[in-house]
Amino acid sequence: MPSNDARILLPTAIPTVAVGVIATVVSGVVAGGKGAIGAVVGTLVVVLFMGIGLVVLQRTAKKLPQLFQAMGLMLYTAQLLLLFIFLALLKDTTLFDFKAFAFTLLATTVVWVAAQARAYMKAKIMYVEPEKSGSKS
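Conventions we followed
- Residues numbered from 1 in each chain as written.
- Predicted model: local features only at pLDDT ≥ 70, side-chain atom pairs only at ≥ 80, totals over all residues.
- Heavy atoms only, no water.
- Phe/Tyr/Trp six-rings, centres within 6.5 Å; stacked < 30°, edge-to-face > 60°.
- Buried < 20%, exposed > 50% of the residue type's maximum accessible area, 1.4 Å probe, protein only.
- Helix = DSSP H or I, 4+ residues; strand = E, 2+ residues; numbered from the N terminus.
- Patch = residues over 30% accessible without salt bridge, like charges linked within 9 Å, V, L, I, M, F, W, Y side chains within 5 Å.
- Areas by Shrake-Rupley, 256 points an atom, 1.4 Å probe, with all protein chains shown as cover.
- Salt bridge = Lys/Arg side-chain N within 4 Å of Asp/Glu carboxyl O.
- Core = buried A, V, L, I, M, F, W, Y, C linked by side-chain atoms within 4.5 Å.
- Contact = heavy atoms within 4.5 Å.
- Expected span 1.5 Å × (residues − 1).

Draft legend 1. The arrangement of the packing of aromatic side chains in detail. Scanning all chains against the criterion turns up four aromatic pairs. Residues Phe96 and Phe101 carry aromatic rings whose centres are separated by 5.2 Å and whose planes lie at 45° to one another, so their mutual orientation is tilted. Residue class for Phe96 comes out buried when judged on its relative accessible area of 7%. The buried category is assigned to Phe101, whose relative accessible area is 0%. Between the aromatic rings of Phe98 and Phe101, the centroid separation amounts to 5.9 Å while the plane-to-plane angle is 40°, which identifies the pairing as tilted. Separated by three residues within a single helix, Phe98 and Phe101 lie in helix α3 (residues 98-122), roughly one turn from each other. By relative accessible area, Phe98 is classed as partly exposed at 23%. Through pairs of rings, three or more aromatic residues link up here, namely Phe49, Phe86, Phe96, Phe98 and Phe101.

Draft legend 2. Region of the structure containing a nonpolar patch on the surface. Together, Val17, Val21, Ile22, Val25, Val26, Val29 and Val30 give the surface a local cluster of nonpolar side chains, amounting to about 670 Å² of exposed area. Along the chain, Val25 falls in helix α1 (residues 3-63).

Draft legend 3. View of the nonpolar core. Grouped together as the largest cluster of nonpolar side chains are 15 residues, with contacts concentrated most on Ile8, Val45, Val46, Leu54, Phe101, Leu105 and Trp112. Those elements that place two or more of their residues in this core are α1, α2 (68-90) and α3. At seven residues, the largest contribution of residues to this core is made by α1. Not counting residues within four places of it along the chain, the set of residues in contact with Leu54 comprises Ile8, Leu9, Trp112, Gln116 and Tyr120.

Draft legend 4. Looking closely at α3. Relative to the 36 Å expected for 25 residues at 1.5 Å per residue, α3 spans 36 Å between its end C-alpha atoms, a close match to the ideal helical length. Listing the buried residues of α3 in full gives Ala100, Phe101, Thr104, Leu105, Thr108, Thr109, Trp112, Ala115, Gln116 and Ala119.

Given below as structure tokens:
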């Protein structure tokens, strides 16, 4: 993974997983074992969906920088649609507590987006690749 990807992914994923752990404990206390399972599934869904999206967006930025903004808008729209579809498919499940799942999904998504924005602001990513010192044009 290129260093820019790691500089964005790690500071984004760590707070998200931390909130997921807190949500798992709270859901386990409030809703029992099924609540804890729902919180774990919600955290995993957010980390996987958003993590894959971040990697795809970073790869697009490197290969096709002119499509970066359009790809970002399309990617976030697709992620929201996939999350809504995932929620609709699992709303009647008995495998875990759906409320714990939904609240964890919401909380971890908000933390992911906020942490990602903060990571982009803190990262020192160059807008233009500097010329190599030994080459002449």
